[in-house]
Amino acid sequence: MPLELNRLLPPGAPATAAEIVAGLGLDDWQTPALTAGNPARPRLMLNMVSTVDGRATVAGRSGPIGNQADRELFHALRTSVDAVMAGAGTVRVERYQRMIKEQPARQLRRERGLSDEPLACIVSGRLALDGDIPLLADPAARVVIITSSASSLPDTGADVQYIRAARDGLLDLPAAMTELHERYAVRTVLCEGGPHLNSQLLAAGLVDELFLCLAPKLAGGDTLSTVLRILSGADLDPPLALELRAVMESESNLFLRYGVRSDG
């Protein structure tokens, strides 16, 4: 039976993850240009989990941090978007599989006018991906690889297509997001990390919202090479300002919804 989360801000009756996500208005999202004269792009949301002391992974994975409510929100968000995106490192470590395997969730998407499952998008500058990753080995999976490389993966079981976007030899994420919208009619993207990709998307001004599960756990650790936060890489200078839009709670886990402010 689905859990109910306590709605603290704005206050309201407890609700399931599916009810909360249904209230986000994702089905009604339009894709305006960032500013006048710029191409339209999808609405992009980050979904991350962190311990109170800032750890985004334990033993290299995010799974030990969250709880059942976190997992239910994770799947409810996946059920409601056009595409799910992750960096190659996250796909490798978390052993990504099909985005949605359960038939009831696929049926719910069809009722909303969506495809059976969101398009799986992997961001990989160097195409450092193994064919034995379950997502790539699945003949029923549809995958778009966003890369600056002109190379292609060896044949895999999945239907793999490419968005090749490069500027000065580096991955051009704004151009890639515009192409994702134009070629695949993607209006909403859920990004599940990792920390380097999160930072690059934020620095490029491509993130609209952050969903953060703050778990009531302390993990410790101070080895920079192994301890990851939800962001990693170059400083965001100046730091980006966020606007708190909603707070929910379950078993002392806080679920925070932030808007990324465009005014700095």
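What you are looking at is a predicted structure, and each value in this text was computed from that prediction instead of being measured.

(A) Fine view of the pairing of strand E6 (residues 142–147). Within E6, 5 of the 6 residues are buried, leaving the element largely enclosed by the surrounding structure. With 4 bridges joining them, strand E5 (residues 119–123) and E6 adopt parallel strand pairing. In the sheet register, Ile 122 faces E6, and the bridge partner there is Ile 145.

(B) Main features of the environment of Arg 112. Note that Arg 112 resides in the loop between helix H4 (103–111) and E5. Exposure remark for Arg 112: the relative accessible area of 27% places this residue in the partly exposed category. For Arg 112 and Val 227, which are 115 residues apart along the polypeptide, the C-alpha to C-alpha distance reads 39 Å. Filtering out sequence-adjacent residues up to four positions away, Arg 112 remains in contact with Ala 22, Asp 27, Thr 79 and Ser 80. Among the polar contacts made by the side chain of Arg 112, one reaches the side chain of Ser 80 at a distance of 2.8 Å.

(C) Quick look at the packing of aromatic side chains. Applying the stated rule across the entire model yields 0 aromatic pairs. One cation-aromatic arrangement involves Arg 164 over Tyr 162; the distance from NZ or CZ to the ring centre is 4.3 Å.

(D) How the structure looks around the sheet that holds E6. The 11 strands are arranged E2-E1-E12-E13-E11-E3-E10-E4-E5-E6-E7 in an open sheet whose pairing can be described as mixed. Looking at which strands have only one partner, the edges of the open sheet turn out to be strand E2 (11–16) and strand E7 (159–164). The average undirected angle you get between the axes of adjacent strands in this sheet is 25 degrees. Set on the sheet, helix H6 (residues 173–184) makes contact with strand E3 (43–51), strand E4 (83–87), E5, E6, E7 and strand E10 (188–191); between it and E7 the angle comes to about 130 degrees.

Definitions and cut-offs
For every chain, the first residue of the written sequence is number 1, and numbering continues from 1 along that sequence. The predicted origin of the model limits local features to residues at a pLDDT of at least 70 and limits the giving and counting of side-chain atom pairs to 80 or more, whereas totals for whole chains, interfaces and linings rest on all residues. With hydrogens and water stripped out, all remaining heavy atoms of the structure feed into the side-chain values. When a residue's accessible area, from a 1.4 Å probe over protein chains only, is under 20% of the maximum for its type it is buried; when over 50% it is exposed; and in between it is partly exposed. Helix numbers and strand numbers start at the N terminus; a helix is a DSSP run of H or I with at least 4 residues, a strand a run of E with at least 2. A pair of strands is labelled paired if DSSP reports no fewer than 2 bridges between them. Pairs of residues are marked as contacts when any of their non-hydrogen atoms sit within 4.5 Å. Any pair of N or O atoms that falls within 3.5 Å is considered a polar contact. Within protein, one atom must be able to donate a hydrogen and the other to accept it, and sequence-neighbouring residues count only if both atoms are side-chain atoms. By convention, a stacked pair of Phe, Tyr or Trp rings (six-membered ring in the case of Trp) has centres within 6.5 Å and planes under 30 degrees apart, an edge-to-face pair has planes over 60 apart, and any other such pair is tilted. Geometrically, a charge over a ring is one whose NZ (Lys) or CZ (Arg) sits within 6 Å of the ring centre while staying within 35 degrees of the ring normal. Orientation is described by lines fitted to C-alpha atoms, with helices fitted over the stretch in contact, and by angles between N-to-C directions that extend from 0 to 180 degrees.

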